[in-house]
Each structure stands twice: as C-alpha cells, then as structure tokens.
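Fold and geometry: a report
Take a look at the letters that make up each chain.
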Amino acid sequence: MPKFIILLILFITKSSSVLAQNGTIKGQVTASTDGPVSHASVSILNKNTGTRTGINGQYELRNVPPGTYTVIFSSVGYQKQQLVTEVKSNAVVLLNVALIKSESRLNDVIVTGVSRATEVRKNPVPVAVMSKKDMDRHVNNNIIDAVIKGVPGVSAVTTGPNVSKPFIRGLGYNRVLTLYDGIRQEGQQWGDEHGIEIDQYGIARAEVVKGPASLSYGSDALAGVINMIPYLPNFNNNALKGDYTVDYHTNNGLIGTSLGLAYKHNDWRYTIRGTGKWAHNYTNNIDGPVYGTAYGELNLSAMARVDKKWGYTQLAATLFNNKQEIPDGSRDSLTRRFTRQVLDNADDIKNRPIVPDHELKTYRLNPLYQHIQHYRLYSSSQFKLGDGNINLLLGGQQSVRREYNHPTQPQQAGLYVVLNTLNYDVKYNLPQLAGIETSAGVNGMYQTNRSKNATDFPIPDYNLFDIGTFLFAKKTFGRMDISGGIRYDNRSIKWENFFVANNPQNGFQKRVSGADTIGTYLQFPAFKKRYTGLSGSLGLTYNVSERLLLKANIARGYRAPNITEIGSNGLDPGAHIVYLGNRTFKPEFNVQQDIGVIAYLKDIDLSAELFNNNIYNYIYQARLNDANGEPVVIVPGNSTYQYQQSEARLYGAELTLNLHPEKLKWLCWNNSLAYVEGLNKNTELLARVGNAAKYLPFIPPLHARSEFRINFQKASNTFQKPYLKLEADAYAAQNHFYALDDTETATPGYTLWNIGCGTGIKNKSGRTLLDVFLQVDNVLDKAYQSNLNRLKYFEYYQASPNGYRGIYNIGRNMSFKVIVPL
C-alpha cells in the first residue's frame, strides 16, 4: 500500500479520535421580557469558535476540546453576558442564559456599512440606530422626518410634508444611499419632488451611517447610508400576530392606516402588510392652504423566511403606489391667493384664475400631479460554510414615474420614465485566522432607463452597469479594535442618439426613433463613458471601559456622476426646473476624517463626533443667469439650473447630552447639537465673483434640539409606560449660503415648540390592548421657512403686498396615532 494512503488513514483515524474526545456546549438564550432571543452571538473567548442562536434562541457549539472556557453572549439591545463553564470529553454542557436589557447603545449590533453584524463599540464609523419605539414617539408625516428628529446631523430637502430627501452632514441626493433591508433603493433619486418610496409603518429599525460607506456599497454612499429594516417576527411557534395602526394629522388632514400580520411555523416566518395614506393641502398662517400639496399613497409588502442549520433564505416583495400633486406657487399678485394653471401654450403664470376655496381642502387630487410606482422583489440568503458563511443578495426593482402637467390634456404625461434595476451582492465572511475577521465580496447593479409616451425628456434612455469588489478585515487587540478595507469600482454608462420632434396630434413634443430623423432635434447626442474609483477605510475604536469609547476613522469615498449631472437637457415638470448637465464631469472623491468619544454613564449619556470632509470634483447645481444678471428662461414659468464642478470642504460636529438620573427614574432630558459648514473651493469662481460663491448650497444651519420627557413610574392597572414630553427645535439663521445668481437667499432662524404624550393601555390580565401617541408640533403656530424648503423659492414677483415671499413650511399640527397589537 502506498505510504501516502497509509498516512492519510492514520491522519483520519487520529482526527476522528480527537473529535470523539471533544465535548459540546449548547443551550438557549432568552430575555426576561422578550422570551427567546434569535440571532444572538455566542462565542468562546480567545477562540475562533462562535455561532448564532436560531429562531427559538437555541445554539450549539460542537467539537470543543476539554477545558475551562468563557462563553460570551451578546445581542442587540442587551447587556453582554459572560459565563465560565467546563467541558469534558464526550460530554454535553447545558448552558442557558437570560440577557438583561441594556441602557447602553454601545452594545447595539448593526448590519449597515459593515461586513458582518458588529457591535457599535467595535465600529469606528459614526453610526446611529433608531428603534420602532423611537420612531413612534416622533409622530411624523414620513419616515425621513422621524429620522431627522432622532439622529443629529441628518436633515432633508423638502417639497411639502410628504417629500423629504435625506441629507447627511450637508450632502444629499445621490451622495446618500438609501437601503431597504440591505438592498439599495433605486428610483430616480436625483429628483427633488418625490420621497424615498418606502412604507413608513412597516419599518422596525433604521440605521444611519454618517460618513463615506463606499467600501461596502460603492458609488452613491459618499456621504453615508440610511438603512430601513422591516419587521421580522420573533415569537412562539404556530402563532399569528400583527398590528393595526391608525394615524391622523389635523393640519393636512392626513389619514394613515396600516395592517400588518405575522405568522411563525417551526423554521418558517411570514409577514404581510398593507398601508394607505391620504392628505389634503397643508396649511400655515401666512399662505393659508398651500395649493398643490395633497397626496395619496398605497403600499403592500410580504416576506417569507426559513431558518435552518445551514443558514437562512428570505424572499420578499414590496409595492409602492403614490400620487402627489405638483405645486408651482403661482399666485394673484394683490391678494396672494394661489392660482392654478388652466392653459398650456397660452399660459401666463401671472394671470391665472384663483383656486376656489372648496378645492383647497379636498382629498381629490387636482389634474396636475405625479404618479410614482415602485415594485421590488428580492432574496437574501446566508449559507454557513464551516466557521465562515456566504451571503447572497439578489433583487429586481422597477420605478415608474409619470408627471401630468398639461391641464388641457390631463391624460397626457409630461414626463414618463421607467427605471429597471437588477441588484446583486455576494459576500464571503471567512473563518477567523489569527484573530482576524476577513470578508471579501462583489456587488453592483445593472440598470436601464426608458422614456415612454411623454412630452418632456429631461434625461436620455441609458444603460448602466456597475460592479465593485472589496476586501475588509478587523482584528481586536485587547480593548482596541482595528478595521479597514479597500475597494475598486467600475461603472459603465451609455446611450444612443435621442431625437425629439413636434407632435401635431397634441401640439407638444414626442420622441422620434428609427432612421427617419428629418425635422427632428437631437436632444441627447450618443454618449459612452466608463468611471472607475478606488475607495477605502481605516479606523479604530478603543474601549476605555464598558461605558466609555473612543473612536477615529479615515475614509475615502467615490461617486460616479448621476444621469442628470452628465446627461440632463430638458424640463423636469414636477420640479419646475430645466436641468442642464455636463458630460465632461469627472467622478467625485472625498477624504473624510472622523473622531469621536461616546460615554454611557450611570446618570448621563455623552457623545461628541467631529468630522472634516474634503471633496474633489464636487458637483452642484446653480441657477443660470444671462449676461445682464437676469434669470435664463428656456421654458416659461420654470427656472433653469446648470450643474457645476469644483472642489469643496465640509466640516462640523454633532454633540449629544442625555440626562437620565438613576435616582430620578422618571426624568429623561435629551439634547443634541449639529453643526456643518460647507465651503466652495473653486478658486477661479471665487476670484471672479467673490463671497457670493463662498459657500455650498443646501447646507443646514446650526440645529439644537432638546426633549424633556417624564416617564411615569407609578404602577397602574390600565396604563403602561405613560410619558409626557416637551420639545424645542431651534434652527439658527443661515447666512452662509450660495448667493451667486440668487440660487439661495438668507434664512432667518426660528424655534419650534412641540409637546407630546403616549401610553399603552392594558386589560386586567396585563395584555396590551393598544398604544396611543399624541403629538402637537409647532404649538405656537410659528411662521417659518427652512433653508432646505424648496417651496421657499417658488415666487414670481419682486415684491409682495404682505411682505412675505415664497411658500412657508407647515403650521401647527396635531397628530394622533393608535397602534393595536393583534
């Protein structure tokens, strides 16, 4: 018999003998208030051995050599537990543990912007987490507004109460990547006039990464990431549970209703949710009802997931259907009452009929509106491979966007585009080697955009392919964790010649395809371009103690120009803007440094996060004026904006101070301060026009927020965890703005006072019957304009009889929400 076969037999025999002498540690992880804890991390100290609990909180560590070990248990929202146990040969050790709710958010486990689930205390990048409880307390018109109230450094460009485009530290649009359950949201996000197309009532948790996340996601995560994570059931077997939500707001008459159901059977979990929202025009004490801000929305989502010893697979689908009116701000010059467009080609924006009173507070949409539909089907899986695992994410989504802006032909869409996207993400988390956690992966998307039967064509029909590969590693040295990685991205985009011509059937324009181009206009000449980028990150955290953390990070981000920045050449009817792109633009790159300190002490929470962000080839939009300083008008009644490119710098800080005295358990006083400065570093432009171009557009002012909350402690047979709160939202004046060609103007400061209360109501057996939340925002009915309110610039007269110009933000609003657990 050959020697190598004899050696192989001896090796297998010896290995089997050793394995037979090993023992097993198994048990269940529970929480005193929540029952079994699924997906909790279970590991052995200083060993490359670990696992996660299943649906019932059960775990098993096999082939553990005899000896004494420290087993570590951790999960989101619970204090880490360490238990010492002894393993004997051929024996099974039963080790159960009951986790305790954690008051320290340092032990929260995040999944956004990291290669695998990671505790906040081990992640050097600034990350904030919002639970469903936090979002319910911040009663809101949309999910982004709730995040703004809970996460310092996050703001939004708004177009009425329903449309909020998220900004992180002064950067937004395609620089902030929005995820739904880990899959990137693709829906013409370069546009101003529509939101993020996600059902706000189906979100159980939001994770916000403040800083470049290109390492994990490639292009479009230059400023950060907002990951909306839907509800995943975790309760007893063969149980059907759910919730019914009713939401009403007095200002715009918002009626929101949502029904969600969840069922668990052995290894399978299922959820389904349906939501409807309707609102009429919002109101303030300067403008009265703001015509053109009513909307209606319908959502449907479903999910099925199976968890096995080999891992898990999840299949989910979402449908979003939104109809949103298109405001343009036209008014009567003397009465300042809103007017409406009734003509097309002969329209005079300063000579329109006044909107009748009965149409200002109706839920029926006016003929000029946008219709946005978003469909998503995706699968997320994890396959265990020894001590490592492979994660696979595949998704398809379609965004259909129509804008109806022709009052004489209301069935004819002005804009009609269909965006199809295929997302893919494959990641291999390797087994630990010498204490180093390593992950490698590839992700990207394939995308097509097509214009349909429309009259306006702001962007061409294009094909896009995006792919990026990355390598990430993390190692712990005592109290210090070091992590970092590198990534290379490649994005290709192309389109063919795009011709338009007059359409004699309706008097507008149409797209012309085929060989016959006589009498047409070449709106988009053919284009083909490849963009590449190298990005990376390196950071460390140092745990001074269980409650005190220091962190530092440096990251390089990358963003390829979006389609409107390089390809636009036409009117976007919903935004009332003619966009002009520049196909010579280069990719954006940035280098950001972050340092921070976080302390969760006995009576107080403290955090300070400072950042400095230098951006190269920064792209921004500016109003276009002629040689005489007058606005360029290509389409009457619409502004013209041209994209610019230069270098830029943003720097700032977020500070929080939350007081919760141990001896005054009823008291909670939360405070935050966010500051960002944005500087335009275009030296040639600054030398020519001076301070008018010194600052960047869309930079939020200094923002201070304070919440004083009383949590009633006295036991009650009826009320469960009642609270009462008083909030102050203070915004400083914004005098640092992009003033060139009147792109922006100064914005006065203001303070909004809000009050709220809430409680659970239970029956005699202690079962919760419903949760009630009551909130009054802008109690004093303050008239104000946010500098990020697009409607502020919807003005067509040089002077106003009442001294007010543009459209103001929403006035006093009382909201009432009831959640009934089923």
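Bear in mind the structure is a predicted one, so any value in this text is a computation, not a measurement. (Residues numbered from 1 in each chain as written. Predicted model: local features only at pLDDT ≥ 70, side-chain atom pairs only at ≥ 80, totals over all residues. Heavy atoms only, no water.)

Regarding its fold elements, the chain presents six helices and 48 strands. Expected size for 822 residues packed as a compact globule is a radius of gyration near 28 Å; at 28 Å, the chain falls within 12% of this value. Dimensions of the chain along its principal axes, counting C-alpha atoms only, are 90 × 75 × 50 Å. Intrachain contacts of the chain at a sequence separation of at least 6 include 66% that bridge at least 24 residues. Averaging the positions of the 86 positive and the 67 negative side-chain charges in the chain gives two centres separated by 8 Å. (Helix = DSSP H or I, 4+ residues; strand = E, 2+ residues; numbered from the N terminus. Rg over C-alpha atoms; globule rule 2.2 N^0.38 Å. Contact = heavy atoms within 4.5 Å. Lys, Arg positive; Asp, Glu negative; His and termini not counted. Charge placed at Lys NZ, Arg CZ, Asp CG, Glu CD.)

Bringing the sheet that holds strand β12 (residues 127–131) into the picture now. Hydrogen bonds between backbone atoms are what pair the strands of a sheet, whose relative direction is either parallel or antiparallel. Strand order in the open sheet formed by five strands is β12-β18-β19-β16-β17, with mixed pairing between adjacent strands. Looking at the sheet topology across the chains shown, the edges are occupied by β12 and β17 (183–184). In this sheet, strand β19 (residues 224–230) lies alongside strand β16 (residues 176–180) in parallel orientation, the contact comprising five bridges. Across the sheet, residue Y180 finds its bridge partner in β19, namely M228. The sheet contacts of helix α3 (residues 143–150) involve β12, β18 (203–210) and β19, and relative to β19 the element is tilted by about 115 degrees. (Pairing = 2+ DSSP bridges. Axes fitted to C-alpha atoms, helices over the stretch in contact; angles between N-to-C directions.)

This part is about the environment of K762. When you line up the elements, K762 lands in strand β46 (residues 750–762). For K762 and N717, which are 45 residues apart along the polypeptide, the C-alpha to C-alpha distance reads 7.3 Å. Among the polar contacts made by the side chain of K762, one reaches the main-chain carbonyl oxygen of S716 at a distance of 3.1 Å. (Polar contact = N/O pair within 3.5 Å; in protein donor to acceptor, adjacent residues only side chain to side chain.)

This part is about the pattern of salt bridges. Across all of its chains, the model carries 36 salt bridges by this definition. When the shortest N-O distance is used, the salt bridge between E207 and R205 registers 2.9 Å. When sorted by exposure, E207 lands in the same class as R205, which is buried. The residue D466 makes a salt bridge to R491 at a minimum N-O spacing of 2.9 Å. You can see D466 sitting in strand β31 (residues 462–477) and its partner R491 sitting in strand β32 (residues 480–495), a full 25 residues away along the chain. (Salt bridge = Lys/Arg side-chain N within 4 Å of Asp/Glu carboxyl O. Buried < 20%, exposed > 50% of the residue type's maximum accessible area, 1.4 Å probe, protein only.)

Bringing the sheet that holds strand β35 (residues 521–524) into the picture now. Taken in spatial order, the three strands make up an open sheet running β34-β33-β35, and their pairing is antiparallel. In the strand order of this sheet, the two ends are held by β34 (509–512) and β35, each with one partner. Neighbour-to-neighbour, the strand axes of this sheet turn through a mean angle of 45 degrees, independent of strand direction. Pairing of strand β33 (residues 498–502) with β34, which is carried by four bridges, proceeds in the antiparallel orientation. Residue pairing in the sheet places A501 in a bridge with K510 of β34.

Let's shift gears to the packing of aromatic side chains. Per the stated rule, a full pass over the model turns up 18 aromatic pairs. Measuring from centroid to centroid gives 5.1 Å for Y369 and Y404, while their planes differ by 35 degrees, and the two rings are tilted. Of the two residues, Y369 is situated in strand β27 (residues 369–385) and Y404 in strand β28 (residues 388–404); the sequence distance between them amounts to 35 residues. The buried category is assigned to Y404, whose relative accessible area is 11%. Taken together, F167, Y173 and F698 form an aromatic cluster joined through their ring pairs. When the ring centre of Y723 is taken as origin, the NZ or CZ atom of R137, which lies over that ring, is 4.9 Å away. Seen from the ring of Y416, R402 lies directly overhead, with NZ or CZ sitting 5.2 Å from the centre. (Phe/Tyr/Trp six-rings, centres within 6.5 Å; stacked < 30°, edge-to-face > 60°. Lys NZ or Arg CZ within 6 Å of the ring centre and 35° of its normal.)

All right, on to unusual backbone geometry then. Phi at R336 takes a positive value of approximately 60 degrees, unusual for a residue other than glycine. Here R336 shows up in the loop between β26 (311–325) and β27. For D742, which is not glycine, the phi torsion reads 60 degrees and is therefore positive. Along the chain, D742 falls in the loop between β45 (719–731) and β46. What makes D742 exposed here is its relative accessible area of 53%.

We now examine the environment of E325. By the element assignment, E325 lies in strand β26. Taking C-alpha positions, E325 is 3.9 Å from Y369, a pair spaced 44 residues apart along the chain. Setting aside residues up to four positions removed in sequence, E325 forms contacts with N281, G292, T293, A294, R364, L365, N366, L368 and Y369. At 3.3 Å, the side chain of E325 and the backbone nitrogen of T293 are in polar contact. A distance of 2.8 Å separates a polar atom in the side chain of E325 from the backbone nitrogen of N366.

In this section: the side chain of R491. For R491, a relative accessible area of 4% gives the class buried. Within polar-contact distance, the side chain of R491 engages the side chain of D466 at 2.9 Å. If sequence neighbours within four positions are ignored, R491 has contacts with R184, S219, D220, M445, L464, F465, D466, K529, R530, Y531, Y558 and A560.

A few words on the pairing of strand β14 (residues 164–168). Burial within β14 is extensive, with five of its five residues counted as buried. The alternating pattern of β14 places S164, P166 and I168 on one face and K165 and F167 on the opposite face, and all of these are buried. The sheet contact formed by strand β13 (residues 154–158) and β14 spans five bridges and is antiparallel. The partner of T158 across the bridge, within β14, is S164. Looking at chain direction, β14 and strand β15 (residues 171–172) are connected through two bridges and run antiparallel. If you follow F167 over to β15, its bridge partner there is G172. The antiparallel hairpin formed by β14 and β15 contains two residues in its connecting segment, where R169 sits at a positive phi of about 55 degrees.

Time to look at the state of the cysteines. Inspection of the entire model under this criterion finds zero disulfides. The thiol of C668 is unpaired, and the distance to the nearest cysteine sulfur, on C757, comes to 16 Å. (Disulfide = S-S within 2.5 Å.)

This part covers the nonpolar core. Core analysis: the biggest nonpolar cluster contains 43 residues, and I144, V147, V208 and M228 have the highest contact counts within it. Secondary-structure elements contributing two or more residues to this core are β12, α3, β13, β16, β18, β19, β41 (604–623) and β42 (639–659). Not counting residues within four places of it along the chain, the set of residues in contact with I144 comprises A156, S164, P166, I196, I226 and M228. Of all hydrophobic cores here, the second largest spans 26 residues; its members include L419, A454, I459 and A560. (Core = buried A, V, L, I, M, F, W, Y, C linked by side-chain atoms within 4.5 Å.)

The next subject is α3. Burial within α3 is extensive, with six of its eight residues counted as buried. Two or three places before I144, at the opening of α3, N142 has a side-chain oxygen 3.1 Å from that residue's backbone nitrogen.

Along the chain, the position of Y531 falls in strand β36 (residues 527–543). Here the alpha-carbon distance between Y531 and G27, two residues 504 residues apart in the chain, equals 51 Å. With residues near it in sequence (within four places) discarded, Y531 still touches D489, N490, R491, I493, Y558, A560, P561, I566, F585 and P587.

Looking now at the side chain of K210. Here K210 shows up in strand β18. Those residues in contact with K210, other than ones at most four positions away along the chain, are P126, V151, P152, I168, R169, A223, Q592, D594, E609 and E654.

In this model, the chain carries an average pLDDT of 89, and 94% of its residues clear a pLDDT of 70 or more. A low-confidence stretch, residues 11–19 stays under pLDDT 50, and its non-local contacts, those more than four residues away or across chains, total one contact. (pLDDT = per-residue confidence, 0-100.)

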